[in-house]
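Structural overview for review
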Amino acid sequence: MENVINTLHLSGTVIGMPVVGHEAFGEKFYYLTLGVPRLSGAQDQLPVTLSERLLDGAMLKDGDPLAIEGQVRSYNKIIEGAGRLLITAFAQRIVEPDERENPNQIQLTGTLCKAPAYRTTPFGREIADMMLAVNRAYGKSDYIPCITWGRSARFAAKLSVGDRITLTGRLQSRAYQKQLPDGTVVEKTAYEVSVGHLELLSQEQAAQARPQAATFRTEATVQQ
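Summary of the structure given here. Source: prediction; values computed, not measured.

What counts, and where the lines are drawn
- Residues numbered from 1 in each chain as written.
- Predicted model: local features only at pLDDT ≥ 70, side-chain atom pairs only at ≥ 80, totals over all residues.
- Heavy atoms only, no water.
- Core = buried A, V, L, I, M, F, W, Y, C linked by side-chain atoms within 4.5 Å.
- Buried < 20%, exposed > 50% of the residue type's maximum accessible area, 1.4 Å probe, protein only.
- Contact = heavy atoms within 4.5 Å.
- Phe/Tyr/Trp six-rings, centres within 6.5 Å; stacked < 30°, edge-to-face > 60°.
- Helix = DSSP H or I, 4+ residues; strand = E, 2+ residues; numbered from the N terminus.
- Lys NZ or Arg CZ within 6 Å of the ring centre and 35° of its normal.
- Salt bridge = Lys/Arg side-chain N within 4 Å of Asp/Glu carboxyl O.

A few points about the nonpolar core
With 36 residues, the main nonpolar core has Leu167 and Val193 as its most contacted residues. Filtering out sequence-adjacent residues up to four positions away, Leu167 remains in contact with Ile106, Gln107, Leu108, Leu132, Cys146, Val193, Val195, His197 and Leu198.

As for the packing of aromatic side chains
One pass over the structure, following the stated rule, counts one aromatic pair. An angle of 35 degrees between the planes, with centres 6.2 Å apart, marks the rings of Phe29 and Phe90 as tilted. One end of the pair, Phe29, is in strand β2 (residues 27-37); the other, Phe90, is in strand β5 (residues 82-95), with 61 residues separating them in the sequence. For Arg73, the ring lying beneath its charged end belongs to Phe90, and the centroid distance is 4.3 Å.

Topic: the pattern of salt bridges
Under the criterion given, the structure shown has ten salt bridges. Two residues, Asp44 and Arg38, come together in a salt bridge whose shortest N-O distance is 2.7 Å. In this structure Asp44 comes out as buried when scored by relative accessible area, which is 0%. Close ionic contact of Lys61 with Asp64 constitutes a salt bridge, the shortest N to O distance being 3.3 Å. Taken together, the shared-partner salt bridges connect Arg38, Asp44 and Arg170 into one network.

Encoded structure:
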């Protein structure tokens, strides 16, 4: 697993009750929603996948505090006859919550697999959407949508498919409305990485990049 960094730290409160999502080789994996606070006072409601082995016989319930370290994962699922890319925070460890620590941190290194989409909002805010491919074990890859703003968006707009980049940010939930063919408008939620810092790796840096243990700063960062 050369040239791969995918580390995540989330700390928040369980919303609702965990449910059994799937089972692999006799090991159950639970799906739950974790409410993670932003500095603005808003809250991201994020999907988490967690093995029964991490629970050690206990069961989480609505309102419980939970802090995890792990990775951002993606998988494809057929919903209403169409394939959808679903994003989850895959827990590898449960850790002690620390109120001094930024509760939502991500570090990724990967390859751009689509050309960045640059746009401006009606209010003049610059945005760039990116899709980052991050390899993991057994020949699999995670395809992680990322969004960046302002000067970083202008920088991202100049990148090309195949460029290797490294970034830090947070996993966010974003509500939006989608109009169906019959005219009905439904509420949807997108999950993506909101990029705080973005860097293009030189060929030498990309060759030297290696997996590493998660190292998170304790100071809070400005969140949108």
